[in-house]
Amino acid sequence: MKKMVTDTMLMPAYVSRFACIGGDCEDTCCAGCCIQLDRASFLTYKASIDPVLQPLFEKHVHRNPESTSAEDFGTIDLKDDDWHGCTFLNDQKLCRIYEGMGEQALSDTCAYYPRTVLQCGTSHQVALTLSCPEAARLALLERDAFELMTLPQTVSQAYVGSLEPRFGFPLDVMDDVRLLLFQVLASEDISLGNRLRVIGLFCDRLTGLILSRQTADLPLVVESLVRDLDDAAGSSPLAGQGAFPEAVARAAAPYLTVGREAFQTPHVRKVLEEVGRGLGLQDERAPVGAELVHAYKVGLERLTPALERVPWLLENYLRNEFLKEFFPWVLGNPKRHYATVILRYALIRLLLAGRAAAREVPLTPGELAETIQVGCRRYVNDKGFTLYLAEHLARSDWDSLESLHTLL
């Protein structure tokens, strides 16, 4: 029997509007993935006497021999076709388990994806991963998508991630910092680049407190953040900095070919092939030097009129990353988390510019959201890519604020 948790949970408005569109979706969420089954679902499937489903459960549902917990107790086979989807999807990409046994019979992963639920102390928050096409459209294209709200939700306890106190800070302080930085990111009277620069300075100082074990001085760092915001409000966009196409291309291009041998759905391949054409990607190698910079500049020029139709698109992408990962407390330390977010941001912009460069007419808002969705599925939300990025940061010069701020 699954243990369920019911609470009034914090979420952006777009989460409340989300519903899976099933067979109408252009991608398949489970395609090419290891489909994990929680213990309760595994046992339910193996005990089924449904005349249609029982033989399929017997053939395609297996105990996971490497499992050490109830969350990944079993697995489901994938189809051997172009999509590598779940064997329980019918020809219309609809779930046979859902049709035959109802929503309550779905495993935690299938029931709650693309939701991410995080508990901090006694409170919960919900966001969606933008690797889902419908989630990406709702989060990126709606002006009011990130108005925060609270709604009652019931989810399996096993699906809830838990944040623990870190670096000597209690959870309530960590939550206050997280919400403060989210509010800074939402300060529309300051250019997005300057907002990110201010957040980077804060994360750098916060990491300094952690390393020097002076966490009691956090109020002083918050005061510095307030002063930086005042300065940023009176500054031209990225005053004293620069938006250097050469830097963005040099920083992001090496990641384009990471893990290209891994399976990709036809939908993802279609978008990435267009990005590759726009950037001059040949023989699985990213272009370098002047050729890449020229392609990126062409893409930026063609991207500008497209973004004018949804000027909040990139900001909404960043807002979702902040919420989903409980920024800045998850990836290493605050400075490392900030560096990871900025490099992902540079990669997303490179993908957008590459696809725009391949077109003679501007991308539509839907195509902009689709490109970010593919970027999230292919890179941002891939655990292997995140590990690669962390290792690359550790041995590169992109860990410094000076370098990172050239990407803004």
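This text follows the structure it describes.
What counts, and where the lines are drawn
- Residues numbered from 1 in each chain as written.
- Predicted model: local features only at pLDDT ≥ 70, side-chain atom pairs only at ≥ 80, totals over all residues.
- Heavy atoms only, no water.
- Helix = DSSP H or I, 4+ residues; strand = E, 2+ residues; numbered from the N terminus.
- Rg over C-alpha atoms; globule rule 2.2 N^0.38 Å.
- Buried < 20%, exposed > 50% of the residue type's maximum accessible area, 1.4 Å probe, protein only.
- Contact = heavy atoms within 4.5 Å.
- Areas by Shrake-Rupley, 256 points an atom, 1.4 Å probe, with all protein chains shown as cover.
- Core = buried A, V, L, I, M, F, W, Y, C linked by side-chain atoms within 4.5 Å.
- Pairing = 2+ DSSP bridges.
- Axes fitted to C-alpha atoms, helices over the stretch in contact; angles between N-to-C directions.
- Parallel < 35°, antiparallel > 145°, perpendicular 65-115°, else oblique.
- Left-handed = near helix turned anticlockwise from the far one by under 90°.
- Nonpolar A, V, L, I, M, F, W, Y, C, P; charged D, E, K, R; others polar.
- Salt bridge = Lys/Arg side-chain N within 4 Å of Asp/Glu carboxyl O.
- Disulfide = S-S within 2.5 Å.

Engineer: How should I be thinking about the overall build of the chain in this particular structure?
Structural biologist: Of regular secondary structure, the chain possesses 17 helices and eight strands. Relative to the compact-globule value of 22 Å for 408 residues, the chain shows a C-alpha radius of gyration of 22 Å, a close match. If you line up the chain on its principal axes, its C-alpha atoms span 70 × 50 × 40 Å. A buried classification covers 51% of the 408 residues belonging to the chain. Partitioning the intrachain contacts of the chain with sequence separation of at least 6 by distance along the chain shows that 77% fall at a separation of at least 24. By element, 53% of the accessible surface of the chain is carried by carbon and sulfur atoms, the whole surface being about 18400 Å².

Engineer: How should the nonpolar core be read in this particular structure?
Structural biologist: Within soluble globular proteins, side chains that are nonpolar tend to cluster in buried spots. In terms of nonpolar packing, the biggest core is built from 112 residues, with Tyr-14, Tyr-317, Tyr-338 and Leu-407 touching the most fellow members. The dominant element in this core, judged by the number of residues it contributes, is helix H14 (residues 334-357), at 14 residues. Setting aside residues no more than four positions away along its own chain, Tyr-14 makes contact with Ala-127, Leu-128, Leu-130, Ala-135, Leu-138, Ala-139, Ala-145, Phe-146 and Asn-320. Listed in part, the 16 residues of the second largest apolar core include Leu-37, Tyr-45, Cys-86 and Ile-97.

Engineer: Explanation requested: the sheet that holds strand E4 (residues 74-76) in the structure shown.
Structural biologist: Pairing between sheet strands relies on hydrogen bonds along the backbone, with the strands arranged either parallel or antiparallel. Here we have three strands laid out as an open sheet, ordered E2-E4-E3, and antiparallel in their pairing. Sheet topology places strand E2 (35-37) and strand E3 (61-63) at the edges, where each strand pairs with a single neighbour. The mean angle between the axes of side-by-side strands here comes to 35°, regardless of whether they run parallel or antiparallel. Direction of pairing for E3 relative to E4: antiparallel, over a ladder of three bridges. Within E4, the position partnered with His-62 by the bridge is Thr-75. Across the sheet, helix H2 (residues 39-46) touches E2, E3 and E4, and the angle it forms with E3 is around 125°. Lying on the sheet, helix H3 (residues 53-60) is in contact with E3 and E4; it crosses E3 at an angle near 40°.

Engineer: Please clarify how the packing of helix H7 (residues 171-185) against helix H8 (residues 192-212) should be interpreted in this entry.
Structural biologist: Two quantities define a packed helix pair, namely the angle between the helix axes and the distance between the axes. It is at 9 Å that the axes of H7 and H8 come closest, and there the two elements cross at 155°. Viewed along their axes, H7 and H8 adopt a mutual orientation that is roughly antiparallel. At the point where H7 passes H8, the crossing takes the right-handed sense. Contact with H7, carried on its side by Val-177, Leu-181, Val-184 and Leu-185, involves Leu-192, Arg-195, Leu-196, Ile-199, Phe-202, Cys-203 and Leu-206 of H8 and no other residues of that element. For the contact of H7 with H8, the residue count by class is ten nonpolar, no polar and one charged.

Engineer: Explain the pattern of salt bridges to me, please; I cannot follow it from the model alone.
Structural biologist: Any two side chains of opposite charge can pair, so long as their charged atoms come close to each other. Summed over the entire model, instances satisfying the criterion amount to 21 salt bridges. What you see here is one network of salt bridges that share partners, running through Lys-270, Glu-274, Arg-355, Arg-359, Glu-367 and Glu-370.

Engineer: Mind showing me how you'd approach the side chain of Ser-107 here?
Structural biologist: Tracing the sequence through the fold places Ser-107 in the loop between helix H4 (96-101) and helix H5 (108-112). If we skip the residues at most four places from it in the chain, Ser-107 touches Lys-2, Gln-36, Leu-37, Asp-38, Ser-41 and Tyr-45.

Engineer: Help me understand the state of the cysteines, please; the structure alone is not making it clear to me.
Structural biologist: In protein structure, a disulfide is the covalent linkage between the sulfur atoms of two cysteines. Tallying each qualifying case throughout the model produces zero disulfides. Note on Cys-203: no disulfide assigned, nearest cysteine sulfur contributed by Cys-120 at a separation of 16 Å. Residue Cys-203 is classed as buried on the basis of its relative accessible area of 0%. Cys-376 takes part in no disulfide bond, and the closest cysteine sulfur, belonging to Cys-132, lies 11 Å away. A relative accessible area of 0% means that Cys-376 is categorised as buried.

Take it as geometry only, folks, not as evidence of what the structure does.
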